[in-house]
Amino acid sequence: MAIVDWLGSTAFSAFGAPTSWAELLGFITGALCVYLVAQQNIWNWPIGIANNIVFILLFLTAGLYADSALQVVYIALAIWGWYLWVAGREAAPRAVTGTSRQECAALVVTGVLATAVLTAVLALATESVVPFWDALTTTLSLLATWGQAKKRWESWLLWITADLIYVPLYFYKDLVLTAVLYVGFLALCVMGLRAWRRDMAAPSVTVPVLQG
C-alpha cells in the first residue's frame, strides 16, 4: 500500500488547495496523451492507460465515483482502440472519417439513456453531490473514446463539450491542478479537431505512427 499512500500524499499546494502526486502525474500523462491523440500517434493508448490508473485513485478520494469507475472502462476501451490502430498499421494507417447519420442517432439515444440511468444510480447508491454532471461527463467521455478508437473526427466535439463541464466541476471539487489541466485539454482538443479535419481533406498525407 506504500505506493497508494504516496500517490495520495500532497506534492504541493496550488491556489490554497493541496495537490497530490496522483493529480500531478495525472496532469502530466493526461496532457501528453491528448497531444499524442491529436498527432494520431499510437503511443497515446499506453500513456492513456497509465493516466487512467492514476485517476482511479484521484477520483475516488475526491468523491467522483462515476469518473473513477469510468477509468476502468477507459482501460478496456483503450486496449480495444490500441488493437484497432495496430491492426490498421498492417495495411495502412486507419483513416479519419465522419460519423454516419445512423451512428449519430444511435449515439444520441445511447447518450440520453446512459446519462439518465447513471444519474439515478449515482443519486441513490453513492455520496456524489453532483450526480447529473458526473453522469453527463462520464457518458460524453465514453462516447468520445469510442469515436477516438474509430477515428471519427466528431469525437473531438464530444471531448470539448465534456471538458467545458469538467473544468468548473473539478474546481468545485478542489482539484485545482486537474481543472487547469482540462483548460489545457480544451486547447489540445481544438488542435486535434483541426488536425483530424485536415487529415480528412488530405487522406494521402502520411500520419505519424509507432515504428516497430
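Here, the structure is the one placed above.
A quick note: this is a predicted structure, and the numbers were derived from the prediction, not measured.

(A) Examining the packing of helix 2 (residues 21-38) against helix 8 (residues 176-201) more closely. The geometry of helix 2 relative to helix 8 is characterised by a closest axis approach of 9 Å and an angle of 5° between their N-to-C directions. In this view, helix 2 runs roughly parallel relative to helix 8, as classed from their interaxial angle. Contacts between helix 2 and helix 8 involve Glu23, Leu24, Gly26, Phe27, Gly30, Ala31, Val34, Tyr35, Val37 and Ala38 from the first element and Val176, Leu177, Thr178, Val180, Leu181, Phe185, Leu188, Cys189, Met191, Gly192, Ala195 and Trp196 from the second.

(B) Representation of the packing of helix 6 (residues 131-150) against helix 7 (residues 155-172). For the pair helix 6 and helix 7, the least separation of the axes is 8 Å and the interaxial angle reads 150°. When the interaxial angle is binned, helix 6 and helix 7 end up roughly antiparallel. Viewed along their axes, helix 6 and helix 7 form a crossing whose handedness is left-handed. Here helix 6 contributes Trp133, Leu136, Thr137, Thr138, Leu140, Ser141, Leu143, Ala144, Thr145, Gly147 and Gln148 to the contact with helix 7, which in turn contributes Ser155, Leu158, Trp159, Thr161, Ala162, Ile165, Tyr166 and Leu169.

(C) Structural detail: a nonpolar patch on the surface. On the surface, a nonpolar cluster with roughly 250 Å² of combined accessible area is contributed by Leu32, Tyr35 and Met191. Looking at the secondary structure, you find Leu32 in helix 2. Assessed through its relative accessible area of 39%, Leu32 is described here as partly exposed.

(D) Expanded view of the nonpolar core. Counting 48 residues, the largest nonpolar core has Phe55, Trp156, Tyr166, Tyr170, Tyr182 and Trp196 as the members making the most contacts within it. Contributions of two or more residues to this core are made by helix 2, helix 3 (44-62), helix 4 (65-89), helix 6, helix 7 and helix 8. Among the elements that line this core, the one with the most residues is helix 8, at 10 residues. Sequence-distant contacts of Trp156, that is, excluding residues within four places in its chain, are made with Val34, Val37, Ala38, Leu188, Cys189, Gly192, Leu193 and Trp196.

(E) Here's a closer look at the environment of Phe59. Along the chain, Phe59 turns up in helix 3. On the basis of relative accessible area, Phe59 is assigned to the buried category, the value being 1%. Along the primary structure Phe59 and Leu175 are separated by 116 residues, whereas in three dimensions their C-alpha atoms are 9.4 Å apart.

(F) Highlighting the side chain of Ser141. Within the fold, Ser141 resides in helix 6. Its relative accessible area of 0% is what places Ser141 among the buried residues. A polar side-chain atom of Ser141 sits 3.1 Å from a polar atom in the side chain of Tyr74. Ignoring sequence-local partners within four residues, the contact set of Ser141 consists of Leu70, Tyr74, Trp159, Ala162 and Tyr166.

(G) Structural detail: helix 5 (residues 101-125). Compared with an ideal rise of 1.5 Å per residue, which puts 25 residues at 36 Å, helix 5 spans 35 Å between its outermost C-alpha atoms and is within 8% of the ideal. Those residues of helix 5 that sit buried are Gly111, Thr115, Thr119 and Leu122.

(H) The packing of aromatic side chains, seen in detail. Summed over all chains, the structure comprises 7 aromatic pairs. Geometrically, the ring pair formed by Trp156 and Trp196 is edge-to-face, given 5.5 Å between the ring centres and 85° between the ring planes. Placement of Trp156 in helix 7 and of Trp196 in helix 8 is noted, with a sequence separation of 40 residues between them. Given a relative accessible area of 2%, Trp156 falls into the buried group. Using a relative accessible area of 0% as the deciding quantity, one classes Trp196 as buried.

(I) Region of the structure containing unusual backbone geometry. The backbone of Gln40 sits at a positive phi, close to 55°, despite the residue not being glycine. One can find Gln40 in the loop between helix 2 and helix 3.

(J) Representation of helix 7 within the structure. The end-to-end C-alpha distance of helix 7 is 26 Å, a good match for the 26 Å that 18 residues give at a rise of 1.5 Å each. Along helix 7, the sharpest change in direction is near 25° and occurs at Tyr166; proline Pro168 comes one to four residues later. Listing the buried residues of helix 7 in full gives Ser155, Trp156, Trp159, Ile160, Ala162, Asp163, Ile165, Tyr166, Val167, Leu169 and Tyr170. Directly after helix 7, the chain includes Asp174, whose backbone phi takes a positive value near 65°.

Calculation criteria
Residues numbered from 1 in each chain as written. Predicted model: local features only at pLDDT ≥ 70, side-chain atom pairs only at ≥ 80, totals over all residues. Heavy atoms only, no water. Axes fitted to C-alpha atoms, helices over the stretch in contact; angles between N-to-C directions. Helix = DSSP H or I, 4+ residues; strand = E, 2+ residues; numbered from the N terminus. Parallel < 35°, antiparallel > 145°, perpendicular 65-115°, else oblique. Contact = heavy atoms within 4.5 Å. Left-handed = near helix turned anticlockwise from the far one by under 90°. Patch = residues over 30% accessible without salt bridge, like charges linked within 9 Å, V, L, I, M, F, W, Y side chains within 5 Å. Areas by Shrake-Rupley, 256 points an atom, 1.4 Å probe, with all protein chains shown as cover. Salt bridge = Lys/Arg side-chain N within 4 Å of Asp/Glu carboxyl O. Buried < 20%, exposed > 50% of the residue type's maximum accessible area, 1.4 Å probe, protein only. Core = buried A, V, L, I, M, F, W, Y, C linked by side-chain atoms within 4.5 Å. Polar contact = N/O pair within 3.5 Å; in protein donor to acceptor, adjacent residues only side chain to side chain. Expected span 1.5 Å × (residues − 1). Phe/Tyr/Trp six-rings, centres within 6.5 Å; stacked < 30°, edge-to-face > 60°. Bend = angle between axes of the 7 residues up to and from the residue.

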